[in-house]
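A look at the structure
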Amino acid sequence: MTVESTAPRTPRRSAGNKAGATGTKSGATAKKATGAAKKATTARKAAGAAESAEPALVQLLTPEGKRVKNAEFDPYVADITADDLRGLYRDMVLTRRFDAEATSLQRQGELGLWASLLGQEAAQIGSGRALRDDDYVFPTYREHGVAWCRGVDPTNLLGMFRGVNNGGWDPNSNNFHLYTIVIGSQTLHATGYAMGITKDGADSAVVAYFGDGASSQGDVAEAFTFSAVYNAPVVFFCQNNQWAISEPTEKQSRVPLYQRARGFGFPGLRVDGNDVLATLAATRWALERARSGEGPTLLEAFTYRMGAHTTSDDPTRYRHDDERAAWEAKDPILRLRRHLELANHADEGFFAELETESEALGKRVREAVRAMPDPDHFAIFENVYADGHALVDEERAQFAAYQASFADADGGK
């Protein structure tokens, strides 16, 4: 079946009737279209080049340990003395030693899982030491260095990973919230807490830690929206360690992560996350903005996860050894050590004494983990409802019967 159009027909022109004129006009139109297409292609290439260009990076120490002058951020670390630099170095060394011990304990079956911070010590210690006591921190599950700075005993971090408690410390004692396993949700908690601070009239600030993978979560976008609209005093601290488990950052975002803040109406900044001094300066700057009523800031600490995502991960399946080798040359601890040596701020005696302290910490962590008592099997039922519940009582009885089924044949427990 053929269907003809009912639209009025244009009379067909004869071969000699303005055919040349039409052809000339069509040719001109085609040339214009081709030119426009070329211009569009050129514009796209230029835009692509601009997007692929390396963004500005706040750096105060080079990988070789040389001090770099920065007129904007130098004032934020002008008070840092040689003692302070040695303190930052000590923080990073002891945090790495604790982390290595925890990884080893997991391999020995003492922990169910562990999320290593290897390579991210400068990002965490630099930002952690920028905080005041009255500031509040909302971490993920990898902020062992920040926990150290907040005075949380390292052994308390291991209870959850051993399965003997649900956190191990009182968040209000150190203004350091419990670890958050649900990816990105802590940014909303931080935003709400920051909004509350504003209503209370306090001048403290909040820091929300998350990773590059979490930046793709809707919770983070919602936190950005609310914090901007309510001008909340919160610093969003993104540790971009290049990999969200096995997914590289370039497959998560078309633009550098810190630029996302623009769309929500607040500033973003990329800082060298392997430079503890630059991280300290940038975080102080962002916290100052928050406390003075200028609202949220997004800091992207550009760093690298030198280990596995967690101890259940095998990074050799998705990244190359040469990539890790390139980042090892930017090691945050080695960088500060080089600076201390170049500036004659530390001698071999200091490093030897710190090595002894480091080994003592490792021993203390091992002994503490192995001495942790098993949890009460029935504690899980205690805090479900404030006043009890018939269904929970029924489940408790069923669980008790299940536990009793493991009794020895002799009647032993």
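Structure shown above.
Residues numbered from 1 in each chain as written. Predicted model: local features only at pLDDT ≥ 70, side-chain atom pairs only at ≥ 80, totals over all residues. Heavy atoms only, no water.

Take the packing of aromatic side chains next. In total, this model carries 28 aromatic pairs according to the counting rule given. Here Y136 and Y193 contribute two aromatic rings whose centre-to-centre distance is 4.4 Å and whose plane-to-plane angle is 35 degrees, an arrangement assigned as tilted. Residue Y136 is located in strand β1 (residues 136–138), and its partner Y193 is located in helix α7 (residues 185–200); the two are separated by 57 residues in the primary sequence. For Y136, a relative accessible area of 4% puts it in the buried group. (Phe/Tyr/Trp six-rings, centres within 6.5 Å; stacked < 30°, edge-to-face > 60°. Helix = DSSP H or I, 4+ residues; strand = E, 2+ residues; numbered from the N terminus. Buried < 20%, exposed > 50% of the residue type's maximum accessible area, 1.4 Å probe, protein only.)

Inspection of the secondary structure assignment puts Q186 in helix α7. Since its relative accessible area comes to 1%, Q186 is described here as buried. In contact with Q186, not counting residues within four places along its chain, are F138, P139, T140, T180, Y209 and F210. (Contact = heavy atoms within 4.5 Å.)

A few words on unusual backbone geometry. Despite not being glycine, N231 has its phi angle at roughly 50 degrees, a positive value. Assignment of secondary structure puts N231 in the loop between α8 (218–229) and β3 (234–240).

A few words on the sheet that holds strand β2 (residues 206–211). Here we have five strands laid out as an open sheet, ordered β1-β2-β3-β7-β6, and parallel in their pairing. Where the open sheet ends on each side, the last strands, each with one partner, are β1 and β6 (268–272). In this sheet, adjacent strand axes meet at a mean angle of 20 degrees when their direction is disregarded. (Pairing = 2+ DSSP bridges. Axes fitted to C-alpha atoms, helices over the stretch in contact; angles between N-to-C directions.)

Before going further, it helps to examine the pairing of β2. Counting buried residues in β2 gives five out of six residues, a clear majority hidden from the surface. The pairing of β1 with β2 spans three bridges and is classified as parallel. Within the sheet, the bridge partner assigned to F138 lies in β2 and is A208. Of the pairings in the sheet, the one linking β2 to β3 comprises six bridges and is parallel in character. Residue G211 lies in a different strand from β3, and its bridge partner there is Q239. Following the chain from β2 across α8 to the adjacent parallel β3, one finds a crossover that is right-handed. (Right-handed = clockwise from strand over helix to strand, strands pointing away.)

Where helix α2 (residues 82–107) contacts helix α12 (residues 348–370), the two axes come as close as 9 Å, and the packing angle between them is 35 degrees. You can see that α2 and α12 cross each other, and the crossing is right-handed. Side by side, α2 and α12 meet where R86, Y89, R90, V93, L94, R97, F98, E101 and L105 of the first sit next to F350, F351, L354, E357, S358, E359, L361, G362, V365, R366, V369 and R370 of the second. By residue class, the composition of the contact of α2 with α12 is 11 nonpolar, two polar and eight charged. (Left-handed = near helix turned anticlockwise from the far one by under 90°. Nonpolar A, V, L, I, M, F, W, Y, C, P; charged D, E, K, R; others polar.)

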